[in-house]
Amino acid sequence: MPATVVVCTQWGDSGKGKFVDYLAEDADLIVRYSGGNNAGHTVVVGDEKFALHLIPCGVIRGKRVAIGNGVVVNPHVLKDEIDYLESRGINVDLTVSERAHVITEKHIEKERGESRIDTTKRGIGPCYEDKIGRRGTRMIDYAKEHKEFQEMIGDVSLLVNEALDRNEHVLFEGAQGTLLDIDHGTYPYVTSSNPIAGGICTGVGISPKRIDRIIGVAKAYVTRVGKGPFPTELGTYEKTKAEGRWEEIEPNFEEQLEDALKRANGGNKYYQGKYMRLQGREYGTTTGRARRCGWFDSVAARHSCMINKPDEIALTKLDVLSGLRELKICTAYRKDGELIERFPVELEGCKPVYGTFGGWEEDITQIRDFNELPKNAQTYVSILELYLKAPITMIGVGPEREQIILNQY
Ligand code: IMP
Ligand code: MG
């Protein structure tokens, strides 16, 4: 299928990078369409780990990559990322849209000390503000003053449309997630662009008719970094933040993990979330912040699936749940005694209604065949599939490139 999209159905950090890397093997061109270096994609290849923020992570496969007009570009980050990749032996064949807007020091300065929604402080919002306010600087103008960028910029819309005309495989790499979408997410606790699949049309300049295959990415549980409502959260924003960043956790990680599991299986909700956080290494690639964790929210997932209409789902990090005695899936919300099944515009006061399922103890990271998964894991996946109303065709069981179960139908 020539034009494929990978889009997150949650609040970002669903492990898209791993699937983009996997799908990039068959792609000719990989394109980003929204956000900026607020994103963080981690790809593990053997003993090597790559963390990228701006350049599509398909670049690691040595493929041609592009950054669409919908992305906001910090030229310093771009330059550093190119140097980083080249220093690690990767050839960077990149075109940046001449229409993409440039993040300046002024944008970053404007966000300093920001705590209202707890952004990534990369100047993303202020840059989009200037773009919409028609006073932004585009790459075309920036490159006139900074000649080293002249070679790199071009008409990405034309590039992509011509590639599709030649029947080449183009992979659109989403950043952030549907619930962070400026229009369809949990406003105002959102990013300033359109990460949804529809964002490709404006963020690259292609017709909606050209998109052939949409892959929704859903983590087996939910995380959120930054402030904002999160109905299925286990613990609180404040408590998670108080745990500290990854550097502070790492020295006695094993002890903390063991302790968290014991308490989680004793029924302590906060530790159920903490276990997900530790086991899933839920600390930001971009900011190192601890991510808030919670049970799978099928109300939010249905909303995302309605908006993106994925043909299939890539379920990630199923292995992280191993060890938990009981798993929950949020099937609806309750607010003021009323049952809510549609994702509401205001999440405040929505309490999750859960279905409870048996967990599994086995390590599943080496399993490559769906039928070899523990029965309870198979059931968990099947239940999610029912709620998502889309087939789960790929299941991530570990961070490595090979740790994928292809679920054939
Ligand atoms: P901004 O994108 O830096 O403006 O941040 C706005 C909100 O989106 C904050 O809650 C961020 O934590 C969140 N956010 C932005 N980028 C990402 C991402 O790549 N993953 C997860 N959350 C993100
Ligand atoms: Mg991320």
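Definitions and limits used
- Residues numbered from 1 in each chain as written.
- Chains lettered and ligands numbered in written order.
- Predicted model: local features only at pLDDT ≥ 70, side-chain atom pairs only at ≥ 80, totals over all residues.
- Heavy atoms only, no water.
- Helix = DSSP H or I, 4+ residues; strand = E, 2+ residues; numbered from the N terminus.
- Buried < 20%, exposed > 50% of the residue type's maximum accessible area, 1.4 Å probe, protein only.
- Areas by Shrake-Rupley, 256 points an atom, 1.4 Å probe, with all protein chains shown as cover.
- Lys, Arg positive; Asp, Glu negative; His and termini not counted.
- Charge placed at Lys NZ, Arg CZ, Asp CG, Glu CD.
- 1 Å grid on protein atoms, 1.4 Å probe; cavity = no way out; pocket = protein on both sides within 12 Å on 5 of 7 lines; lining within 4 Å.
- Points joined across faces, edges and corners; volume = space filled by probe spheres on them.
- Nonpolar A, V, L, I, M, F, W, Y, C, P; charged D, E, K, R; others polar.
- Donors = N, O, S within 2.8 Å, 3.2 Å for Na, K, Ca; no water.
- Near = heavy atom within 4 Å.
- Polar contact = N/O pair within 3.5 Å; in protein donor to acceptor, adjacent residues only side chain to side chain.
- Salt bridge = Lys/Arg side-chain N within 4 Å of Asp/Glu carboxyl O.
- Axes fitted to C-alpha atoms, helices over the stretch in contact; angles between N-to-C directions.
- Left-handed = near helix turned anticlockwise from the far one by under 90°.
- Contact = heavy atoms within 4.5 Å.
- Domains from an automatic or database assignment.
- Buried area = accessible area lost by both parts, 1.4 Å probe.

With that settled, consider the overall build of the chain. Across its full length, the chain carries 13 helices and 20 strands. Here the chain holds 409 residues, and the buried ones make up 60% of them. As displayed, the chain has an accessible area near 17500 Å², and 47% of this comes from carbon and sulfur atoms. Each charge class in the chain can be summarised by its mean position, and for the 54 positive and 61 negative side chains these summaries are 5 Å apart.

Taken as a whole, this structure holds one cavity of 30 Å³ or more when the rule is applied. What the largest cavity holds in volume is close to 40 Å³. Contributing to the lining of the largest cavity are Thr9, Gln10, Trp11, Leu179, Val222, Asp297, Ala300 and Ala301. Per-class residue counts for the lining of the largest cavity are five nonpolar, two polar and one charged.

Binding of the magnesium ion (ligand 2) to the protein goes through Asp13 (OD) and Gly40 (O), at separations of 2.2 to 2.6 Å. Taken together, the residues span a long stretch of sequence, with Asp13 in the loop between strand S1 (3-8) and helix H1 (16-24) and Gly40 in the loop between strand S2 (29-32) and strand S3 (41-45) at a distance of 27 residues. Judged by its relative accessible area of 24%, Asp13 is partly exposed. Note on Gly40: relative accessible area 18%, which makes it buried.

Here we come to the site of ligand 1. Asp13, Asn38, Thr120, Thr191 and Val225 are the nearest of the 15 residues found near ligand 1. Between ligand 1 and Asn38, the relevant distance is 2.8 Å, taken from an oxygen atom to a side-chain nitrogen or oxygen of the residue. At 2.6 Å from an oxygen atom of ligand 1 is found a side-chain nitrogen or oxygen belonging to Thr120. When ligand 1 is considered free in solution it has 470 Å² of accessible area, and contact with the protein chains removes 97% of it. Among the residues forming the shell around ligand 1, the class breakdown is six nonpolar, six polar and three charged.

Tallied over the entire structure, the rule returns 22 salt bridges. For Glu168, the salt bridge identified is with Arg166, shortest N-O distance 2.9 Å. If you follow the salt bridges from partner to partner, you end up with Asp13, Lys219, Glu282, Arg291 and Lys317 in one network.

Running from N to C, helix H10 (residues 253-265) and helix H11 (residues 269-279) point in directions that differ by 145°, and their axes come no closer than 8 Å. The crossing of H10 and H11 is left-handed. Along its contact with H10, which presents Phe253, Gln256, Leu257, Asp259, Ala260, Leu261, Arg263 and Ala264, the element H11 presents Tyr271, Gln272, Lys274, Tyr275, Leu278 and Gln279. Considered class by class, the residues forming the contact of H10 with H11 number eight nonpolar, three polar and three charged.

Once the domains are mapped, the chain shows domain 1 (3-217) and domain 2 (233-294). Spacing between the C-alpha centres of domain 1 and domain 2 amounts to 29 Å. Of the residues lining the interface, 13 residues belong to domain 1; the matching set on domain 2 comes to seven residues. Regarding the contact of domain 1 and domain 2, the summed buried area is about 710 Å², with carbon and sulfur atoms giving 42% of it. Note that Arg289 and Asp118 form a salt bridge whose closest N and O atoms lie 3.3 Å from each other.

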